[in-house]
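Listed below, chain by chain, are the residues.
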Amino acid sequence: MTTSVKNNFLPPGLVSNLQEVLLNRKGGSENDPSKSNDESTQPSSSDAVEANSDTECSKPVVLVTNADGIEAPGLNFLVEALVRDGLCNVHVCAPQSDKSVSGHSVTLRETVAVTSAEINGATAYEVSGTPVDCVSLALSGALFSWSKPLLVISGINRGSSCGHHMFYSGVVAGAREALFCGVPSMSISLNWKKDESQESDFKDAVTICLPLINAAIRDIEKGVFPKSCLLNIEIPASPLTNKGFKLTKQSLWRSTPSWQAVSANRHSAGFMSNQQSLGIQLAQLSRDASAAGAARRLTTQRKNVEIESVGVAGKTDFNRVKKYFRLEFVDKDQEGLDEDLDFRALENGFVS
């Protein structure tokens, strides 16, 4: 792993903890002479079971959410790694479907369904809501036995959240909601490149961000993690060839919104997501099912129009025009940007 820690880029406390974590990952503790001495004083099996139980209860709770949905590889690879490391009790509360550009939206005046999910080693639930719904519900005490985990992690997201994208981003919103609730948080995004990136890049991204997560946990436990702050981590497209960690400033970068007119006979099939298309189909079924009632209402409306036309001509719905549009974000070239801005650092291969 080529990741390096540079003291002029990260806060001193986080640097020292991160260096220690990286050293341990390289096997620095394998040659520790005290390790062999401790082996001679191992407790009995019954004592070990009781000790393991106490240790499990004493582990800090970490909540994981995301915006890509609970089945997304970024979340699953991250949760599996956290469970495997065994440093914390991992709980998951994530959207059941993709909510990538939901921003900081919440679900009001509608019932949210919560279903248990299977993720080995973690207590997991999928929610029919947004990332903010997931975090808000998890921290409310209504779903889990606890109401304040040590840390909330949102990610790993497919696509960067640099610049103004942070305001559209569902993954950042999940971490921001935790911040509003007074819980330390971080969001993690992978700079996904179309036709270049692949699913295994999420595994590499986990390898890169785990030292940061472990360092953040240690800082929180020591009380030195920055207050009223969330850590937004941006991982470059080729995680294992990154140039190191770099503390950056938020840029004003954003993709250019492009609205395209779509013909009426193409809007439902070719240019909509599966969820949108399903919604239209269900709406059509509902309309078909009440066709008789609709016909009766239309007949009544026509009678009313005929009566009113004696005096003032009534307006009907037949003159209304319906159009369809589709929004896409188009990336644009950025020149002359400060090298310490998030977008530029990410494009240059740094973990921002």
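Everything below is about the structure printed above this text.
It should be emphasised that the depicted structure is a prediction, and the values quoted were computed from it without experimental measurement.

Turning our eyes to something else, we now look at the environment of serine 116. Turning to its location among the elements, serine 116 is positioned in strand E3 (residues 114-119). Classification of serine 116 by relative accessible area gives exposed; the value is 55%. As a C-alpha pair, serine 116 and valine 127 span 11 residues in sequence and 9.0 Å in three-dimensional space. With residues near it in sequence (within four places) discarded, serine 116 still touches Ala124 and Tyr125.

The next thing to look at is the sheet that holds strand E6 (residues 185-190). The seven strands lie next to each other as E3-E4-E2-E1-E5-E6-E7, forming an open sheet whose pairing is mixed. If you trace the sheet from one side to the other, it starts and ends with E3 and strand E7 (230-235), each paired once. In this sheet, neighbouring strand axes are inclined to one another by 20 degrees on average, regardless of whether the strands run parallel or antiparallel. Here strand E5 (residues 151-158) pairs with E6 via five bridges, running parallel. In the sheet register, valine 152 faces E6, and the bridge partner there is serine 185. Across the sheet, helix H4 (residues 73-85) is in contact with strand E1 (61-65), strand E2 (89-95), E3, strand E4 (122-127) and E5; its angle to E5 comes to roughly 140 degrees.

Now for the environment of cysteine 162. Inspection of the secondary structure assignment puts cysteine 162 in the loop between E5 and helix H6 (165-168). On the basis of relative accessible area, cysteine 162 is assigned to the buried category, the value being 0%. Placed 179 residues apart in sequence, cysteine 162 and leucine 341 show a C-alpha to C-alpha distance of 9.1 Å.

Summarising the sheet, E3 and E4 pair through six bridges and their orientation is antiparallel. The residue bridging alanine 117 from the neighbouring strand is alanine 124, located in E4. Between E3 and E4, which pair antiparallel in sequence order, lie two residues; one of them, glycine 121, sits at a positive phi of approximately 85 degrees.

One way to put it is that helix H5 (residues 131-140) packs onto helix H7 (residues 170-180) with a least axis distance of 8 Å and a crossing angle of 25 degrees. Here H5 is positioned roughly parallel relative to H7, judged by the angle of their axes. As for the relative orientation of H5 and H7, their crossing is right-handed in sense. Between H5, through Pro131, Val132, Val135, Ser136 and Leu139, and H7, the contact on the second element is made entirely by Gly170, Ala173, Gly174, Glu177 and Ala178.

Our focus in this paragraph is the nonpolar core. Judged by nonpolar contacts, the single largest core of 39 residues is most densely connected at Val64, Leu78, Val92, Ile153, Ile156, Ile188 and Ile213. Ranked by the residues each element gives to this core, the list is headed by helix H8 (residues 200-222), at 11 residues. Excluding anything up to four places from it in sequence, leucine 78 contacts Val64, Ile153, Gly155, Ile156, Val206, Cys209 and Ile213. Within the second largest apolar cluster, 13 residues are counted, among which are Val61, Leu63, Trp146 and Ala178.

It is worth spelling out the packing of H4 against H8 at this point. Two measures define how a pair of helices packs: the angle their axes make with one another and the distance between the axes. Following both chains from N to C, one finds H4 and H8 inclined at 50 degrees, their axes separated by 10 Å at the closest point. Relative to H8, the element H4 is oriented oblique. Like other packed secondary-structure pairs, H4 and H8 cross with a definite hand, here right-handed. Where H4 approaches H8, its residues Pro73, Gly74, Phe77, Leu78, Ala81, Leu82 and Asp85 are matched on the opposing element by Phe202, Lys203, Val206, Cys209, Leu210, Ile213 and Asn214.

Here is what the cut-offs are and how they apply
Residues numbered from 1 in each chain as written. Predicted model: local features only at pLDDT ≥ 70, side-chain atom pairs only at ≥ 80, totals over all residues. Heavy atoms only, no water. Helix = DSSP H or I, 4+ residues; strand = E, 2+ residues; numbered from the N terminus. Buried < 20%, exposed > 50% of the residue type's maximum accessible area, 1.4 Å probe, protein only. Contact = heavy atoms within 4.5 Å. Pairing = 2+ DSSP bridges. Axes fitted to C-alpha atoms, helices over the stretch in contact; angles between N-to-C directions. Parallel < 35°, antiparallel > 145°, perpendicular 65-115°, else oblique. Left-handed = near helix turned anticlockwise from the far one by under 90°. Core = buried A, V, L, I, M, F, W, Y, C linked by side-chain atoms within 4.5 Å.

Purely spatial values, then, with no claim about function.
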